[in-house]
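Fold and geometry: a report
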Amino acid sequence: MASLAEQFDTDGFCVAESVIPPEDVQSVIPRMDALIAGDYETGVPPHSGFRPGDPTDRLIKIDQPHLSDHMVRSFVSHPEIGRCAAEATGAGWVQLWAVQLLVKPSGSGSGGHIGFHQDMQHWTKWFRGEVFTGWVALTEVELDCGPMTFVRGSHRWGLNENPSHFRDTDLDEQSESIPRPDTAEWEEIAATMTSGSVSFHHRLTYHGSRSNVSGKSRRSFAVHLRTENSDPLDTIGGYYNENLEDPDLCPVIYSE
């Protein structure tokens with residue numbers, strides 16, 4: 001079997017199985033529900049996204065939930081996430097700089113879709129260099145759950161200056177309209193995962209997801225990471241950059 005580093009380099013993504021112990025996963029799920037209900041343990045609300053009273057029959061997305069809950073902060077900083085991230089990228093140092101809480105309800109239809117996009121399309125004003133994403137599954141993710149779907153090898157196509165959108169719902173139309181090299185194939189790989197597993201994807205890898213029809217909610221955290229091969233830009237008022245020196249909010253989760 002190819003190593004995480006080989007998969008990440010060749011395909012633009014990889015999956016590390018059974019990274020987080022089951023007891024840690026089960027402990028954080030009630031805190032996820034508390035955040036959705038508006039219970040902010042630290043007294044600090046998340047930066048943006050879902051708020052109590054918003055519709056719950058579509059994708060629930062909360063930005064920077066670790067600002068609001070100590071257990072969530074500890075969970076997304078798990079050293080095994082850092083170790084696997086370093087293994088995938090060859091990094092000597094990995095820092096967490098942003099988090100998203102994501103719940104895709106079953107039966108949400110296109111309201112649960114995530115359009116194909118490159119993460120770097122949304123990050124150019126924050127960073128240059130090696131920034132990437134880990135996606136932590138808190139539930140079993142089978143094909144009927146609307147798993148993360150990666151376009152294999154698309155990290156080699158360059159940055160699309162006319163970005164597609166995270167909230168686009170017609171993924172088939174997107175796949176036809178996104179530019180790619182003449183010899184490149186659009187090959188979608190659905191990343192089925194066990195609870196506690198983590199996928200990592202390159203900043204230029206196209207990814208999205210379709211409907212959850214499994215009968216249960218798909219729960220996850222997306223953790224945005226950077227290595228020593230990245231540089232934060234001097235963005236005025238940039239909340240992704242303003243806490244990089246705070247080890248509680250932007251911890252280094254791996255160092256050689």
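Residues numbered from 1 in each chain as written. Predicted model: local features only at pLDDT ≥ 70, side-chain atom pairs only at ≥ 80, totals over all residues. Heavy atoms only, no water.

This part is about the environment of Glu130. As for its placement among the helices and strands, Glu130 is situated in strand β6 (residues 127-137). The class for Glu130 is buried, based on a relative accessible area of 17%. Between the C-alpha atom of Glu130 and that of Leu225, which follows or precedes it by 95 residues, the distance is 8.6 Å. Here Glu130 is in contact with Thr89, Arg203, Leu225, Arg226, Thr227, Asn229 and Ser230, once residues within four sequence places are set aside. In this structure the side chain of Glu130 is engaged in a polar contact, spanning 2.6 Å, whose partner is the side chain of Thr227. (Helix = DSSP H or I, 4+ residues; strand = E, 2+ residues; numbered from the N terminus. Buried < 20%, exposed > 50% of the residue type's maximum accessible area, 1.4 Å probe, protein only. Contact = heavy atoms within 4.5 Å. Polar contact = N/O pair within 3.5 Å; in protein donor to acceptor, adjacent residues only side chain to side chain.)

On to the nonpolar core. Counting residues in hydrophobic clusters, the biggest one holds 39 residues, and the most contacted among them are Phe75, Leu138, Phe200, Phe221 and Leu225. The element that contributes the greatest number of residues to this core is helix α2 (residues 22-36), accounting for six residues. Of all hydrophobic cores here, the second largest spans 12 residues; its members include Trp126, Phe127, Val131 and Leu204. (Core = buried A, V, L, I, M, F, W, Y, C linked by side-chain atoms within 4.5 Å.)

It is worth spelling out the sheet that holds strand β8 (residues 188-190) at this point. Sheets are built from strands that pair by backbone hydrogen bonding, the pairs being arranged parallel or antiparallel. Pairing within the open sheet is antiparallel, and its four strands lie in the order β5-β10-β7-β8. The strands lining the two open edges of the sheet, one partner per strand, are β5 (114-117) and β8. Across the sheet, the mean angle from the axis of one strand to that of its neighbour is 25°, orientation sign disregarded. For strand β7 (residues 149-151) and strand β10 (residues 207-209), the ladder comprises two bridges, and the chain directions are antiparallel. Within the sheet, the bridge partner assigned to Thr149 lies in β10 and is Gly208. (Pairing = 2+ DSSP bridges. Axes fitted to C-alpha atoms, helices over the stretch in contact; angles between N-to-C directions.)

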